[in-house]
Amino acid sequence: MKIVYTDVLVIGGGLAGLRTAVGVKQRGFDTIVLSLVPAKRSHSAAAQGGMQASLGHSSMGSGDNEDVHFEDTVKGSDWGADQRVARMFTHVAPKAIRELAGWGVPWNRVKQGEREAVINAERVVITESESAHGLITARDFGGTKKWRTCYTSDGTGHAMLFALGDQTIANGIPVMERMEALALIHESGRCYGAVVRSLVTGELTAFLARATTIATGGYGRIYKVSTNAVICEGTGTAIALETGVAELGNMEAVQFHPTAIVPAGILTTEGCRGDGGILRDVNGHRFMPDYEPEKRELASRDVVSRRMTEHMRKGLGVKSPYGDHLWLDISVLGKDHVHKNLREVTDICRYFLGIDPANDWIPVRPTQHYSMGGIRTDHRGESTTLKGLFACGEAACWDMHGFNRLGGNSVAETVVAGMIVSEFIADYCADSASDINVSTGLVREFVEREQAGLDRLVSGGGREQAGPIRQRMEEIMIDQVGIFRTGEELDRAVDELEDLLARSRNLGVRSSAPGPNPELVAAYRLPKMLKLALCAALGARERTESRGAHFREDFPQRNDRDWLNRSITTWPEAGASLPNLGYETIAVADMELPPGFRGYGTRNYIDHPDSAERDARIEKILETVDPDDRHARQAALMPFDHLLPEKYRPRNQRLEATA
Amino acid sequence: MKTETRAPGRALTIKVLRHNPADPDSQPQWASFELEEYEGMTLFIALNEIRDRFAPDLQYDFVCRAGICGSCGMVVNGRPGLACRTLTSTLPAEITLAPLPLFKLIGDLSVDTGEWMRGMSERLETWVHEQTTPDIHALEERMEPELAEEIYELDRCIECGCCIAACGTARMREDFVGAVGLNKIARFRLDPRDQRTDADFYQVIGDDNGVFGCMSLLGCHDVCPKDLPLQTQIAFIRRKMVTVS
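Residues numbered from 1 in each chain as written. Chains lettered and ligands numbered in written order. Predicted model: local features only at pLDDT ≥ 70, side-chain atom pairs only at ≥ 80, totals over all residues. Heavy atoms only, no water.

Quick look at the pattern of salt bridges
Overall, the coordinates contain 83 salt bridges over all chains when judged by the stated rule. For Glu252 of chain A, the salt bridge goes to Arg543 of chain A, with nearest N and O atoms at 2.9 Å. Linking Glu252 of chain A in the loop between β11 (248–249) and β12 (254–261) with Arg543 of chain A in the loop between α15 (518–542) and β19 (558–559), this pair joins segments that are 291 residues apart in sequence. Just as Glu252 of chain A is buried, Arg543 of chain A falls in that class too. Among the salt bridges present, the one from Glu115 of chain B reaches Lys104 of chain B, with a minimum N-O distance of 3.2 Å. Taken together, the residues Glu115 of chain B in helix α2 (residues 113–124) and Lys104 of chain B in strand β6 (residues 104–107) connect sequence positions 11 residues apart. Using a relative accessible area of 52% as the deciding quantity, one classes Lys104 of chain B as exposed. One salt-bridge network, in which partners are shared between bridges, spans Asp78, Glu252, Asp302, Arg306, Arg543, Glu545, Arg547, Arg558, Asp560 and Arg598 of chain A. (Salt bridge = Lys/Arg side-chain N within 4 Å of Asp/Glu carboxyl O. Helix = DSSP H or I, 4+ residues; strand = E, 2+ residues; numbered from the N terminus. Buried < 20%, exposed > 50% of the residue type's maximum accessible area, 1.4 Å probe, protein only.)

Some words on the packing of helix α6 (residues 178–190) of chain B against helix α9 (residues 230–244) of chain B
All names here are of chain B. Two numbers describe how α6 lies on α9: the axes approach to 9 Å, and their chain directions differ by 70°. Between α6 and α9, the angle falls in the class roughly perpendicular. Both α6 and α9 take part in a crossing whose hand is left-handed. On α9, the residues that touch Ala179, Leu182, Asn183, Ile185, Ala186 and Arg189 of α6 are Leu230, Gln233, Ile234, Phe236, Ile237 and Lys240. For the contact of α6 with α9, a count of residues per class yields 8 nonpolar, 2 polar and 2 charged. (Axes fitted to C-alpha atoms, helices over the stretch in contact; angles between N-to-C directions. Parallel < 35°, antiparallel > 145°, perpendicular 65-115°, else oblique. Left-handed = near helix turned anticlockwise from the far one by under 90°. Contact = heavy atoms within 4.5 Å. Nonpolar A, V, L, I, M, F, W, Y, C, P; charged D, E, K, R; others polar.)

Section: the interface of chain B and chain A
Between chain B and chain A, the residue contacts involve 73 residues of the former and 90 residues of the latter. Between chain B and chain A, roughly 6,200 Å² of surface is buried when both sides are summed, and carbon and sulfur atoms account for 54% of that area. Remark: the boundary between chain B and chain A carries 8 salt bridges. In this structure, Glu140 of chain B and Arg98 of chain A form a salt bridge, with 2.9 Å as the shortest nitrogen-oxygen distance. (Buried area = accessible area lost by both parts, 1.4 Å probe.)

With respect to the layout of surface pockets
Residue and element names in this part refer to chain A. Taken as a whole, the second largest pocket encloses approximately 890 Å³ of empty space. Mapped onto the lining of the second largest pocket, the elements with two or more residues apiece are β8 (179–187), α12 (440–459) and α15. No other element matches the 7 residues that α12 contributes to the lining of the second largest pocket. Its residues assigned to classes, the lining of the second largest pocket comprises 14 nonpolar, 9 polar and 7 charged. (1 Å grid on protein atoms, 1.4 Å probe; cavity = no way out; pocket = protein on both sides within 12 Å on 5 of 7 lines; lining within 4 Å. Points joined across faces, edges and corners; volume = space filled by probe spheres on them.)

A closer look at the domain arrangement of chain B
All names here are of chain B. Along its sequence, chain B is carved into domain 1 (11–111) and domain 2 (125–130 + 142–242). Taking only C-alpha atoms into account, the centre of domain 1 sits 29 Å from that of domain 2. Taking both sides of the interface into account, the surface hidden between domain 1 and domain 2 amounts to around 1,100 Å²; carbon and sulfur atoms contribute 67%. Sorting the residues of domain 1 by area buried against domain 2 places Pro80, Leu102 and Phe103 first, and these three jointly supply 40% of that buried surface. Taken together, domain 1 and domain 2 are joined by 0 salt bridges. Considering every element that reaches the side of domain 1 that touches domain 2, the biggest residue donor is strand β4 (residues 79–82), with 4 residues. (Domains from an automatic or database assignment.)

Things to note about α9 of chain B
Residues and elements named next belong to chain B. Taking 1.5 Å of rise per residue, 15 residues should cover 21 Å, and α9 covers 21 Å from first to last C-alpha, within 8% of that figure. Buried within α9 are the following residues: Leu230, Gln233, Ile234, Ile237 and Met241. Along the long axis of α9, the arc covered by the buried residues comes to 95°, so they all point the same way. In α9, the exposed positions that point more than 90 degrees away from the buried face belong to Arg239 and Thr243. Where α9 is buried, its residues meet α3 (145–155), α6, α7 (198–205) and α8 (219–223). (Expected span 1.5 Å × (residues − 1). Arc of directions from axis to C-beta.)

So, the UniProt feature "active site" (unreviewed entry) in chain A
All names here are of chain A. In the numbering used here, UniProt assigns the "active site" (unreviewed entry) feature to Arg301. Along the chain, Arg301 falls in helix α8 (residues 301–316). Look past the residues within four positions of Arg301 in its chain and what remains in contact with it is Phe141, Gln255, Phe256, His257, Pro258, Glu270, His369, Asn404, Arg405, Gly407 and Gly408. In terms of polar contacts, Arg301 uses its side chain to reach the side chain of Gln255, at 3.1 Å. (UniProt positions renumbered as here; feature names shortened; annotations may be inferred. Polar contact = N/O pair within 3.5 Å; in protein donor to acceptor, adjacent residues only side chain to side chain.)

Concerning the packing of helix α13 (residues 466–480) of chain A against α15 of chain A
Residues and elements named next belong to chain A. Contact geometry of α13 with α15 gives a least axis separation of 10 Å together with a crossing angle of 20°. Overall, the two elements α13 and α15 adopt an arrangement that is roughly parallel. Crossing handedness for the pair α13 and α15: left-handed. Between α13 and α15, the contacting residues are Ala466, Ile469, Arg470, Met473 and Met477 on the first element and Ala522, Ala523, Leu526, Met529, Leu530, Ala533 and Ala536 on the second. Tallied by class, residues from the contact of α13 with α15 come to 11 nonpolar, no polar and 1 charged.

Describing the nonpolar core
All names here are of chain A. By size, the foremost hydrophobic cluster in this structure holds 98 residues, and its most contacted members are Met51, Leu100, Trp107, Met160, Ile330, Ile362 and Ile420. Examining the composition of this core, we find that 13 residues originate from one element, helix α11 (residues 409–430), more than from any other. The residues touching Ile330, leaving out its near neighbours within four places in the chain, are Cys272, Gly277, Val338, Leu342, Val345, Pro357 and Ile362. Counting residues in each nonpolar core, the second largest holds 79 residues, with Ala194, Tyr223, Leu248 and Leu526 among its members. (Core = buried A, V, L, I, M, F, W, Y, C linked by side-chain atoms within 4.5 Å.)

Description of the sheet that holds strand β1 (residues 11–18) of chain B
Residues and elements named next belong to chain B. Read across the sheet, 5 strands follow the order β2-β1-β5-β3-β4 without closing on themselves; strand pairing throughout is mixed. Each end of this open sheet is capped by a strand with a single partner; those strands are β2 (29–36) and β4. Looking at each pair of strands side by side, their axes are set apart by 30° on average, direction ignored. With 4 bridges connecting them, strand β3 (residues 73–76) and β4 associate as antiparallel partners. Paired with Val76 across the strands is Arg79, a residue of β4. Sheet strands in contact with helix α1 (residues 43–53) are β1, β2, β3 and β5 (94–98), and its direction is about 105° off that of β2. (Pairing = 2+ DSSP bridges.)

Remarks on the pairing of β8 of chain A
Residue and element names in this part refer to chain A. Burial within β8 is extensive, with 8 of its 9 residues counted as buried. As defined by bridge partners, β8 adjoins strand β9 (residues 190–198) across 8 bridges and the pair is classed as antiparallel. Counted as the bridge partner of Leu184 is Ala194 from β9. Hairpin connection between β8 and β9: a loop of 2 residues separates the two successive antiparallel strands, and Ser188 in this loop has a positive phi of roughly 45°.

Section: the domain arrangement of chain A
All names here are of chain A. Each assigned domain of chain A is listed here: domain 1 (255–369) and domain 2 (459–585). Placing the centre of domain 1 and that of domain 2 at their C-alpha centroids yields a distance of 29 Å. With 9 residues of domain 1 at the contact, the number on the domain 2 side is 8 residues. For the domain 1 and domain 2 pair, buried surface summed over both sides reaches about 760 Å², with 72% attributable to carbon and sulfur atoms. The largest per-residue losses of area from domain 1 upon contact with domain 2 belong to Phe256, Arg306 and Arg313, which jointly make up 67% of the total buried on that side. Remark: the boundary between domain 1 and domain 2 carries 1 salt bridge. For Arg313, the salt bridge is made with Glu553, and the minimal N-O distance between the two is 3.0 Å. Inspection of the domain 1/domain 2 interface yields 2 residue pairs in polar contact (both at pLDDT 80 or more). Residue assignment for the side of domain 1 that touches domain 2 shows that the elements contributing at least two residues are β12 and α8. Top element by residues in the side of domain 1 that touches domain 2 is α8. It accounts for 6 residues.

Some thoughts on a negative patch on the surface
Residues and elements named next belong to chain A. Judged by side-chain charge, Asp607, Asp615, Glu619 and Glu623 come together as a negatively charged surface patch. Positionally, Glu619 belongs in helix α17 (residues 611–623). Glu619 gets classed as exposed once you look at its relative accessible area, which sits at 55%. (Patch = residues over 30% accessible without salt bridge, like charges linked within 9 Å, V, L, I, M, F, W, Y side chains within 5 Å. Areas by Shrake-Rupley, 256 points an atom, 1.4 Å probe, with all protein chains shown as cover. Lys, Arg positive; Asp, Glu negative; His and termini not counted. Charge placed at Lys NZ, Arg CZ, Asp CG, Glu CD.)

What follows is the structure, encoded as structure tokens:
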């Protein structure tokens, strides 16, 4: 039995995982990153449009600060976010941008003077100040009051991932590529590492660590059509679930991005609309202002995706052999802008559609894009129930996104969470409580269990094949656990997914080829994916309200009275057909921003009984604080400084303060 | 809204150079698969179909399937390129697929570019070398907007390995850093945050495994999926290195 020891095992080599590894390494701890693919190929690279941070340098972002970013994030989450975490995040985001700038990310910069831009389909002239010249600029994204999304053309994730990938190398951190964690090793509520399979040799190795961090991204691939990379199968989240101890949060909160191309499902960035692109229907009519006169194409993602679907349901979509779609028109931005600032989009259109988006409209429709749900952690990034297990990035439910995340906030979360969580991991590793007091007998048990499972798939005579079961799961998820949901459909979805899970216990593979054996890989991942699908479907069925991306046609109102909570799923019995589902209350009395109107459609939600009281209390508190001191006002309402690692507590410098 | 396609339903013959080094009985050989083409079919879709229907153990690498991540470099009808964004309609009915040469073969169409790229990065130290750690609480260093764009232009490399597979020198010199390495030096040289001098860069690329090994055949430039300006960058770097040598 091969055993490798390290201080911090990081599972996942995307932005969140790499930033975590760099953080603990710089604190003097040994770390190993495991990645399914070469780290720079991680799905983080596909983030196009940008990263939110309230620098406020560009004139359209002037006056921006952490308060505005916080408010946008909480409203975007439909009040599902943990507001203290949202505060920690918005406070550290500018630091993350600046750290990455120091590491070489070529953020686009403010150029002083006049420039043309397109806002609400009209050409306008924007004047940038001399004092901001050369500082990091930002573009507009949906659901934000200010232009706050910092970018490098539309290859932001790529530039960030390569800078961090190179920092990982500079710090001498080993990244073991083509390694897949199959199970977490744990005992009595403490995680000790993972059983890991090589995707080159097929061999198993046990990795033992003081702290294990899961940063494996989302679970978009349980859906038939997703913008996610093909490796985003949620298996990192699933191995946490399979401990029976770790909790998952809000698994039904799944975001659909308004503009993925049809039929390939590849993303075109929100930057297309942020820069002035518009949505058109079969008649060429720009329809979003009809539904959302104020925010139009730049309403929150969940809202735009629903409006688009609603519009297509009225028969106003464009018919195609691949189903209905709508048009994204960025030709209004002009050739120069499209080919320079939206060049990945240009490439995608050219290669996959054979069109030039500077001239032609792009066929798009809402497509699965982001998993708000994930491993439930505290504000330090540690699992709420399994000690020594940490999670960050999309794999985690930290929880700054609640039921809908804003564009540009996820790529920001990866690095911000990596910065913060790595400090808490390092603190944990410095404590003797993290010592690895585990018997090799237990490790052997875990390794042998996994090996037996693999052997059973190859030679156990199972009759089911992974392909058809997986296909059916993907269809159920997109058809019945999608943008619009009903109790009846969700009932059927849960029943059928249970049936598929039962069938998956009788899987067999045809090929016994030595090495990675891709058929075997598909087979052992499938039950894990089905369990996540069941968590999402069951959570959606039981949540009889609409919040953020979770929309129930039979319960269209947000219901703060009964549902201001986080769904928590666990899977305590390995042989069970369904997870356990419980709820974690989100207390209004602690909120800096009590639930209110999000600003879309009509004001239509059921109030929480404590809201009025909290509103009154806030008013009273604010009477005692200097109205011009925003930091004091914030601290009086919901202090969060003490939750941050000390090194990230200083305030962010802004332009006006330096003049 | 038509992609560039010939008549749908063309019968495709896809020949894959197969070998599984993990299997002692495996010999490299061509395997042939017949598929019916349909509109919008890419090599990503075609290979998945082959794996589903005919060859469950077929190895290949796709991640983003959108031409962004660089995982799926392979030799398509004799030319290195990204398989995921290659529409079958742009190819003749007979398609040959082989793994990228020069990289360690994992199996079939899957090669180990990761190890190669990491080795190159360690040798060339492809990261910003700064004397001081910037204060992340304070305003960032200013940069001219045009310079940021120029750096990004060279930063777009996705380390897919196509330039190495198309390189004559790499075939003769195992340690040649290739266009991918030289482009990175050009990128960091341009970046004022990197305080290395040309003399420092000369230390890592001033020999035949670096910029003086390039024979200017420029297969790299022809096949780069990101259309990086490799020809001008290599020539420029060579001139600079000559002046410090």
